[in-house]
Amino acid sequence: MILYAGAFAAGFEKIIPSLISEAVPDAAVERVESALVLFSSADILKEEDLPFINTLYVCLSVWNTNTVSFSDLCRQIPYSTLHNRLTPFLGGKKAYRLRFSRENQFCSVDKNLVSSVEKSITKLSGLAPDRLNAKTEFYMVIRRENLSFFALKLTEKGSSEKLYDKGELRPETVRLMLYASKASEEDYVICDPFAGSGSIPRQIAKLYSDAHIYVNDIDAQRSLQLKEEFADAQRFTVTAYDAGLLSHIEKSSVNLIVTDPPWGSFDSSLTKEGLCLLYKNMLKEFDRILIPGGRVSVLTGAKTEFEDAVSSSVCFTKSRKGDNFRTDILINGKKAAVYCLTKEY
């Protein structure tokens, strides 16, 4: 069995084991920590096999401690036994760099230690060290929990570093929002009223090929860009309406709403009162377009304003008592939450 480590958006720890089992049927989840899962599988996995994982590693050594030094850990790496375990993951790779991380912060270490470890890695892998240009990376990680590991990063350097638009969600986070909302093939009509750059409808389209997707953003220029991307009129309806006035959508016609409305973070003109009014109006419209029992998944950092709006809504207020009503997460270091609501019958 091969031991893997996967980093994901902090806050989704409860649903990660079931997602791992669904994606990799023979997987055995070893432990789940804040934003990290360790699991074993006989399969040779790639990052695309786990689309809800931000970064995937194959673990080469693991220690149940966080109180040792990097030099102590490096001396304990069983280099002589690693060649066969590494071979399946090194096809086509030519160069690598070595990185050290303690409690999610990159660290500088003694140059002699780095050089010694690089010589051992080069000998067992055949790769050449290149500290500036290599996409392949080996990591020595010490976590806050009693956990440290030496690993090969399977997510190539640069593959998850594309330039996202301001406020755009990573696809892995969107997938976790969808899983948290219990989205399924039976959700035939899905809506994102604040589509922005299209990150949410993009993932919905990949997961649910039979769903009709309402893609809306009040910004006319963004809407034009979305129309170009989501050009299949049978699958997508792309519009530029106020999310509180979605008059083109029929009453009780939508199964699921998944959206990332403004938090006030990038628009200084949105006061707390303005945000609360925005959320109240959108929830009222969600009530109108959702079928009875329809669901809503909302990501926001304006937790107080959103929860006030939920409390004052007619059909969503009981959702506050649900087990998955609020999942606190971190988005680019900012505190936020994913809220799951259900329209009462």
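Residues numbered from 1 in each chain as written. Predicted model: local features only at pLDDT ≥ 70, side-chain atom pairs only at ≥ 80, totals over all residues. Heavy atoms only, no water.

Student: Just to check I follow, could you spell out the packing of aromatic side chains for this structure?
Tutor: The description of two aromatic rings rests on the distance between their centres and on the angle between their planes. Per the counting criterion, the structure on display carries 13 aromatic pairs. For the ring pair Phe52 and Tyr179, a centre distance of 6.1 Å and an interplane angle of 85° mean the geometry is edge-to-face. Linking Phe52 in the loop between strand 3 (36-41) and strand 4 (55-63) with Tyr179 in helix 5 (residues 171-180), this pair joins segments that are 127 residues apart in sequence. When its relative accessible area of 1% is taken as the criterion, Phe52 is described as buried. Overall, Tyr179 belongs to the partly exposed group, its relative accessible area being 22%. The interplanar angle of 75° and the centroid separation of 5.2 Å between the aromatic rings of Phe70 and Phe100 together place this pair among those described as edge-to-face. (Phe/Tyr/Trp six-rings, centres within 6.5 Å; stacked < 30°, edge-to-face > 60°. Helix = DSSP H or I, 4+ residues; strand = E, 2+ residues; numbered from the N terminus. Buried < 20%, exposed > 50% of the residue type's maximum accessible area, 1.4 Å probe, protein only.)

Student: Would you mind showing me how to read the pairing of strand 13 (residues 254-259) here?
Tutor: It is a general feature of regular strands that their side chains alternate between the two faces of the sheet. Burial of strand 13 is extensive: 6 of the 6 residues sit out of reach of the surface. In this sheet, strand 13 lies alongside strand 10 (residues 189-192) in parallel orientation, the contact comprising 2 bridges. In the sheet register, Ile190 faces strand 13, and the bridge partner there is Leu256. Of the pairings in the sheet, the one linking strand 13 to strand 14 (residues 290-300) comprises 5 bridges and is parallel in character. Bridging across to strand 14, Ile257 finds its partner in Val296. (Pairing = 2+ DSSP bridges.)

Student: Any chance you could explain the sheet that holds strand 14 here in plain terms?
Tutor: Sheet strands line up and pair through hydrogen bonds in the backbone, either parallel or antiparallel. With respect to topology, 7 strands assemble into an open sheet ordered 12-11-10-13-14-16-15, the strand pairing being mixed. Edge positions in the sheet fall to strand 12 (236-239) and strand 15 (326-331), since each has one partner strand and no second. On average, each strand axis in the sheet is inclined to that of its neighbour by 15°, with strand direction left out of account. In this sheet, strand 11 (residues 212-216) lies alongside strand 10 in parallel orientation, the contact comprising 4 bridges. Looking at strand 11, one finds that Ile190 is bridged to Ile213. Sitting on the sheet, helix 6 (residues 199-207) touches strand 10, strand 11, strand 12 and strand 13, and the angle it makes with strand 11 is about 170°. (Axes fitted to C-alpha atoms, helices over the stretch in contact; angles between N-to-C directions. Contact = heavy atoms within 4.5 Å.)

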